[in-house]
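# Residue-level structure breakdown
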Number of protein chains: 2
Amino acid sequence: MSRKTNRQIQLAARPEGFPKGTDFRLVELPIPPVAAGQFLVRSIFLSVDPYMRGRMNDRKSYVEPQEIDRVMGGGVVGEVVESQNEKFNVGDVVLGMFGWQEYAVSDGKEVRVVKTGAAPSSTALGVLGMPGLTAYCGFLDICNPQAGETVVVSGAAGAVGSVVGQIAKIKGCRVVGVAGTDAKVAHLVNDLGFDAAMNYKNTDDYYGKLKELCPAGIDCYFDNVGGPITDAVFGHLNEKGRIAICGQISQYNAQQLEKGPRLLWKLIEKQAKVEGFLVFQYVSQFRAAKQQLSDWVESGELKYRERIVEGLENAPRAFFEMLQGENIGKQLVKISEPSV
Amino acid sequence: MSRKTNRQIQLAARPEGFPKGTDFRLVELPIPPVAAGQFLVRSIFLSVDPYMRGRMNDRKSYVEPQEIDRVMGGGVVGEVVESQNEKFNVGDVVLGMFGWQEYAVSDGKEVRVVKTGAAPSSTALGVLGMPGLTAYCGFLDICNPQAGETVVVSGAAGAVGSVVGQIAKIKGCRVVGVAGTDAKVAHLVNDLGFDAAMNYKNTDDYYGKLKELCPAGIDCYFDNVGGPITDAVFGHLNEKGRIAICGQISQYNAQQLEKGPRLLWKLIEKQAKVEGFLVFQYVSQFRAAKQQLSDWVESGELKYRERIVEGLENAPRAFFEMLQGENIGKQLVKISEPSV
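Residues numbered from 1 in each chain as written. Chains lettered and ligands numbered in written order. Predicted model: local features only at pLDDT ≥ 70, side-chain atom pairs only at ≥ 80, totals over all residues. Heavy atoms only, no water.

A tally of helices and strands in chain A yields nine helices and 16 strands. Its C-alpha atoms give chain A a radius of gyration of 20 Å, within 12% of the compact-globule value 20 Å for 340 residues. Along the three orthogonal principal directions, the C-alpha set of chain A runs to about 60 × 45 × 35 Å. Look at the contacts in chain A between residues 6 or more apart in sequence, and 67% of them connect residues 24 or more apart. Separation of charge centres in chain A, based on 38 positive and 39 negative side chains, amounts to 2 Å. (Helix = DSSP H or I, 4+ residues; strand = E, 2+ residues; numbered from the N terminus. Rg over C-alpha atoms; globule rule 2.2 N^0.38 Å. Contact = heavy atoms within 4.5 Å. Lys, Arg positive; Asp, Glu negative; His and termini not counted. Charge placed at Lys NZ, Arg CZ, Asp CG, Glu CD.)

Structural data, given as structure tokens:
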């Protein structure tokens, strides 16, 4: 092993509103010894995701809150560099919740060897990982998109939204993306085959813009964002519309609940459904879903991008930028080079 | 025929906010002649319902708006007093959308002969009519209540809510009603067998009161009301909770959309669903549903009440009082005496 210390990023303070640098702390610690049944992983790619903001609050949600003064949790693709566990061999590339650090010792629980076929191992954190599964399982189950229907996706250029939109195209839908930069809009339409996309930062009239882009109304909405964009979508719902609530990133930094127009009456008028989900509820479908996603990636029907920030010390910045929408596709932090 | 004129109530003006007497007009008109294929109905009971408020706005919803200077639409149980239609005989008690008037000429389209078994014909407008079907079909389909689950019903003492709560009891659920008077609360618990009920006018702390009454959280919510009560229910939703949106009566008189806390994130955390419905979407189930409701009424498992205001001229008042929650059970207007 080439180094004797492990650098890790801890949560130093619970953010108030939008998180800031001093909410995090970079520490150096000895690399723990590897006991029988354990192995040591060197991190290669770290995933930063919107859900992490929720965990930073001191409030039980569907996951326990992130503890203060402990390493930030997070999904990592890494390489086994030392092993006392017969199921994991030195050189194996593995996926696990190893956290924001350079090295982690694991007993192998909820760790799996990365199998991404021809795609790079980083995709185990993106299109072939949790974001891809979130898109596939949640969208198909809740929205049940039918050919010819109009599908709107918010956060459309993100790791989840970009997959949802492409699946909707594969299913024969008209797909309209909502994103926050002109570059994202161009990417959605020119690279990913969306029928249209809008930059919500270029207009205050979300309702009018959606009307223009969705002349036949909206049958399915996959929501990563919430807030006024979602309000506007409600105004264009077709009968029997289906809304999947995957994320509400516009609300995650709110220090008190934002208010918005009461819109439940619209669900009556349109006999429409809104359903929230967590990817974990679909665990029994993961194997088949991942195979399908992998097939689509290999055939070129499903494209993906990654935005990579280099260096563990820059993980907080990568996280902030992801929350601000700087990323097209999956936001990753590269911690070290793969050995091969 | 004993009279030569027909009195009817027309919509004179579109209400601004809560409707008032001058929004309606009582007129006398000749009774129209009965042509071949038609029959004349003398109204006995008129139904006033929350949905009528929505129709008074000049805005297409799931039904066309009520026209100004035309007879107010509405469901009526009446008696055929003259007939040139072989399917409808003098003396038949029929149900149809005959409107707020004493007499109506019909061609029989969407009219049916009332069959309420041992129950009085007025129940064709209530527990065995549209409100009962709304409760039965919407609740069972969307909430899919399971024995042992906690079910909350808002507008619980109304024509729909009182049926929902009793069906939930039949299905083995813990049932908590929300209503607006102490008399309603007593009725729900003492007469209808609800496990608990709250008078929302006795507290500002809906959240705290629901916590007390629903110690195991809320699995199903059948919402007739909306607004802050519904907000509070969101705070107690269990995982995989199901919310059926039947009505939003707290919002119907709003002149602009009321604002409330944004709560869609809660649906993610709880993997929960909110679905709106219209009774018409279940038309294929009506026959079986009505049979089941009828059986329960006859066995005494399903109880109902009616609040009857006498006289066509008092229909607007009956409508206002229903919107204000004066009724326990179904609000009706008695237009004339049945001949037998």
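Once chain B is rotated about the relating axis by 180° and shifted along it by 0.0 Å, it coincides with chain A to within an RMSD of 0.0 Å. Such a combination of turn and shift is consistent with a two-fold rotation axis. (Least-squares fit on C-alpha atoms with pLDDT ≥ 70 in both.)

What follows covers the nonpolar core. Counting 52 residues, the largest nonpolar core has Val152(A) and Val152(B) as the members making the most contacts within it. Dropping the residues within four chain positions of it, Val152(B) is found in contact with Val176(B), Val178(B), Leu210(B), Cys214(B), Ile218(B), Cys220(B), Tyr221(B), Phe222(B) and Val233(B). (Core = buried A, V, L, I, M, F, W, Y, C linked by side-chain atoms within 4.5 Å. Buried < 20%, exposed > 50% of the residue type's maximum accessible area, 1.4 Å probe, protein only.)

Attention now moves to the interface of chain B and chain A. Counting residues at the interface gives 37 residues for chain B and 37 residues for chain A. Summed over both sides, the interface of chain B with chain A buries roughly 3,200 Å², with 60% coming from carbon and sulfur. For the chain B face of the interface with chain A, the top three residues by lost area are Arg262(B), Leu264(B) and Ile268(B), together amounting to 25%. Counting across the chain B and chain A interface gives four salt bridges. For Arg262(B), the salt bridge is made with Glu258(A), and the minimal N-O distance between the two is 2.9 Å. (Buried area = accessible area lost by both parts, 1.4 Å probe. Salt bridge = Lys/Arg side-chain N within 4 Å of Asp/Glu carboxyl O.)

Residue and element names in this part refer to chain A. When you tally the buried positions in strand β3 (residues 39-47), you get nine out of nine residues, the bulk of the element. Relative to strand β4 (residues 76-83), β3 is paired through seven bridges, and the arrangement is antiparallel. Each bridged residue has a counterpart across the sheet, and for Phe-39 the counterpart in β4 is Ser-83. Pairing of β3 with strand β6 (residues 103-106) involves four bridges; the strand directions are antiparallel. Its bridge partner lying in β6, Leu-40 is registered against Val-105. (Pairing = 2+ DSSP bridges.)

With that settled, consider unusual backbone geometry. Leave glycine aside and you will find that most residues have negative phi; peptide bonds, for their part, are mostly trans. All names here are of chain A. Despite not being glycine, Asn-144 shows a phi value in the positive range, around 45°. By secondary structure assignment, the location of Asn-144 is in the loop between α2 (130-143) and β8 (150-154). On the basis of relative accessible area, Asn-144 is assigned to the partly exposed category, the value being 45%.

Residues and elements named next belong to chain A. Domain annotation for chain A reports domain 1 (5-120 + 305-334) and domain 2 (130-281). Each side of the interface is counted separately: domain 1 has 19 residues, and domain 2 has 16 residues. For the domain 1 face of the interface with domain 2, the top three residues by lost area are Tyr-62, Arg-305 and Ile-328, together amounting to 30%. Note that Arg-305 and Asp-191 form a salt bridge whose closest N and O atoms lie 2.9 Å from each other. For the interface between domain 1 and domain 2, the tally reads five residue pairs in polar contact (both at pLDDT 80 or more). Mapped by element, the contributors of at least two residues to the side of domain 1 that touches domain 2 are α1 (51-55) and α9 (315-323). Taken together, the residues that form the side of domain 1 that touches domain 2 break down as eight nonpolar, five polar and six charged. (Domains from an automatic or database assignment. Polar contact = N/O pair within 3.5 Å; in protein donor to acceptor, adjacent residues only side chain to side chain. Nonpolar A, V, L, I, M, F, W, Y, C, P; charged D, E, K, R; others polar.)

Counted under the stated rule, the structure contains 36 salt bridges over all chains. In this structure, Arg42(A) engages Glu79(A) in a salt bridge whose closest nitrogen and oxygen atoms are separated by 3.5 Å. Taken as a pair, Arg42(A) in strand β3 and Glu79(A) in strand β4 lie far apart in primary sequence, 37 residues in all. Owing to a relative accessible area of 15%, Arg42(A) belongs among the buried residues under this scheme. The class for Glu79(A) is buried, based on a relative accessible area of 7%. Measuring nitrogen to oxygen at the nearest pair gives 3.1 Å for the salt bridge that ties Glu321(B) to Arg317(B). In this pair, Glu321(B) and Arg317(B) both sit in helix α9 (residues 315-323), four residues apart, roughly one turn of the helix.

The next thing to look at is the pairing of strand β4 (residues 76-83) of chain B. Note that β4(B) and strand β5 (residues 93-96) of chain B share four bridges and pair antiparallel. Across the sheet, residue Glu79(B) finds its bridge partner in β5(B), namely Val93(B).

For any two aromatic rings, the description comes down to two numbers: the centre-to-centre distance and the angle of the planes. The final tally for this structure, using the stated rule, is 24 aromatic pairs over all chains. Between Phe277(B) and Tyr282(B), the aromatic rings sit 6.0 Å apart at their centres with planes inclined by 55°, giving tilted as the arrangement. For the pair shown, Phe277(B) and Tyr282(B) are each scored as buried. Linked through ring pairs, Phe18(A), Phe24(A), Trp100(A), Phe319(A) and Phe320(A) together constitute an aromatic cluster. (Phe/Tyr/Trp six-rings, centres within 6.5 Å; stacked < 30°, edge-to-face > 60°.)

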